[in-house]
Amino acid sequence: GVGGGDIQVLSDMVQGTVEVSGTLDASAPQSGDGGFIDTSAAHVQIREGARISTLAANGSNGNWLIDPTDFYVSATDPANGSSWMDNATLSTNLGLGNVTIQTLSTGAGNGDIFVNDTVSWSTSSTLTLNAHRDVNINPFISNTGAGGLRIRADLNGTGTGTINFAGIGSVSLTAGAADLYYNPTVFGTPNNYTAKVTGTLREWMLVNNAANLQAINTNLSGNYALGRNVDASSIPSFVPLGNTTTNFTGQFDGLGHTVSNLSIPT
């Protein structure tokens with residue numbers, strides 16, 4: 001099929017600003033998959049009523065990427081010129097395709113994402129929040145369709161960054177799943193967000209170094225994900241994860257990364 005194609009609206013990642021208003025359309029109304037729309041700069045401001053579509057009538061929906069330094073989702077611009085989108089506009093655009101908000105380490109901010117007002121949608125779209133440091137959920141996030149939520153703190157595996165729920169912050173999913181990737185307060189012990197998420201929840205503890213990798217032995221039923229490539233040479237005699245009596249029963253997601261120089265004594 002012809003698909004939806006790509007649209008890129010970019011400025012520099014140090015001081016540049018992208019303002020998005022009106023309509024950007026990379027949909028696939030007849031055949032193929034929805035396209036990709038990239039709105040990236042040090043500051044990205046999404047105006048009220050902007051419509052960004054990557055819908056596919058007979059294929060998979062595409063993705064809209066918002067890629068600044070810090071980003072706020074709230075009813076009003078919290079800093080009068082910050083990277084920001086109002087919560088109603090985000091909710092509307094989750095009816096038009098998948099949306100990814102991703103912050104970077106460049107620029108003056110810390111690379112945080114703040115969701116400060118309610119976001120709700122009813123389609124199968126996925127909302128992805130990828131933060132260089134922290135993701136802060138302060139309101140109610142709700143999907144009543146088959147849509148999902150993916151939250152990743154510490155995008156570059158620095159060991160600093162986690163997911164924070166505050167106030168009435170919570171998640172409710174009807175059919176989709178919430179996948180949360182973060183640095184736990186104590187490695188090997190999930191932060192236990194079950195009280196904050198209604199629906200299917202998977203918590204993934206980030207493995208950012210050889211010590212984290214070895215410490216998986218403290219909880220062989222946990223879910224783990226590589227936050228970056230791991231060089232295990234600092235542990236010359238790596239103790240295998242689990243044994244014939246006590247198996248590893250959790251899940252391990254490489255997230256496209258590798259483990260190198262792993263030495264297990266015979």
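Our structure is the block above this text.
Cut-offs and rules
Residues numbered from 1 in each chain as written. Predicted model: local features only at pLDDT ≥ 70, side-chain atom pairs only at ≥ 80, totals over all residues. Heavy atoms only, no water. Helix = DSSP H or I, 4+ residues; strand = E, 2+ residues; numbered from the N terminus. Rg over C-alpha atoms; globule rule 2.2 N^0.38 Å. Buried < 20%, exposed > 50% of the residue type's maximum accessible area, 1.4 Å probe, protein only. Contact = heavy atoms within 4.5 Å. Areas by Shrake-Rupley, 256 points an atom, 1.4 Å probe, with all protein chains shown as cover. Pairing = 2+ DSSP bridges. Phe/Tyr/Trp six-rings, centres within 6.5 Å; stacked < 30°, edge-to-face > 60°. Lys NZ or Arg CZ within 6 Å of the ring centre and 35° of its normal. Patch = residues over 30% accessible without salt bridge, like charges linked within 9 Å, V, L, I, M, F, W, Y side chains within 5 Å. Salt bridge = Lys/Arg side-chain N within 4 Å of Asp/Glu carboxyl O. Core = buried A, V, L, I, M, F, W, Y, C linked by side-chain atoms within 4.5 Å.

Re the overall build of the protein
Logical step 1: Secondary structure summary: the protein contains two helices and 23 strands in total.
Logical step 2: For 266 residues, the compact-globule estimate of 2.2 N^0.38 gives 18 Å, and the C-alpha radius of gyration of the protein, at 20 Å, lies within 12% of that figure.
Logical step 3: Over its C-alpha atoms, taken along the principal directions, the protein stretches across nearly 65 × 40 × 40 Å.
Logical step 4: For the protein, with 266 residues in total, the buried portion stands at 50%.
Logical step 5: Counting only contacts in the protein whose residues sit at least 6 apart along the sequence, the fraction spanning at least 24 positions is 65%.
Logical step 6: Surface summary for the protein: the accessible area is close to 11500 Å², and the carbon and sulfur share equals 48%.

Regarding the sheet that holds strand S17 (residues 163-165)
Logical step 1: With respect to topology, seven strands assemble into an open sheet ordered S2-S5-S9-S8-S11-S14-S17, the strand pairing being parallel. Edge positions in the open sheet fall to strand S2 (17-20) and S17, since each of these has one partner strand only.
Logical step 2: Alignment of strand S8 (residues 71-73) against strand S11 (residues 113-115), held across three bridges, turns out to be parallel. Note on S11: the bridge partner recorded for tyrosine 72 is phenylalanine 114.

So, unusual backbone geometry
Logical step 1: Of note, asparagine 192 is a non-glycine position whose phi angle comes to about 60°, a positive value.
Logical step 2: Residue position: asparagine 192 is located in the loop between strand S18 (170-182) and strand S19 (197-207).
Logical step 3: For asparagine 261, which is not glycine, the phi torsion reads 55° and is therefore positive.

Some details on the packing of aromatic side chains
Logical step 1: Within the structure shown, the criterion is met by six aromatic pairs.
Logical step 2: Both rings, one in tyrosine 224 and one in phenylalanine 248, keep their centres 6.4 Å apart while their planes meet at 40°; by these two values the pair is tilted. Of this pair, tyrosine 224 sits in strand S20 (residues 223-226) while phenylalanine 248 sits in the loop between strand S21 (230-231) and strand S22 (251-253), and the two are 24 residues apart along the sequence.
Logical step 3: Residue class for phenylalanine 248 comes out partly exposed when judged on its relative accessible area of 28%.
Logical step 4: In textbook terms, an aromatic cluster arises when at least three aromatic residues are bridged by ring pairs, as seen for Phe165, Tyr182 and Tyr193.
Logical step 5: Looking at arginine 150, its charged tip hangs above the ring of tyrosine 181, at a distance of 4.6 Å from the centre.

A few points about a nonpolar patch on the surface
Logical step 1: A contiguous nonpolar surface patch, about 230 Å² in accessible area, is contributed by Val259, Leu262 and Ile264.
Logical step 2: Mapped onto the secondary structure, valine 259 falls in strand S23 (residues 259-260).
Logical step 3: Under the relative-accessibility criterion, valine 259 is labelled partly exposed at 33%.

What to know about the pattern of salt bridges
Logical step 1: As enumerated under the stated definition, the model contains four salt bridges in all.
Logical step 2: Across the salt bridge formed by arginine 133 and aspartate 134, the nearest N and O atoms sit 3.7 Å from each other.
Logical step 3: Residue classification places arginine 133 among the partly exposed positions, given a relative accessible area of 27%.
Logical step 4: A salt bridge links arginine 202 to aspartate 179; its shortest N-O distance comes to 2.6 Å.

As for the nonpolar core
Logical step 1: Within the largest apolar cluster, 41 residues are counted, with the highest numbers of intra-cluster contacts made by Leu90, Ile101 and Leu129.
Logical step 2: At five residues, the largest contribution of residues to this core is made by S18.
Logical step 3: With twelve residues, the next largest nonpolar core counts Phe187, Leu213, Tyr224 and Ala232 among its residues.

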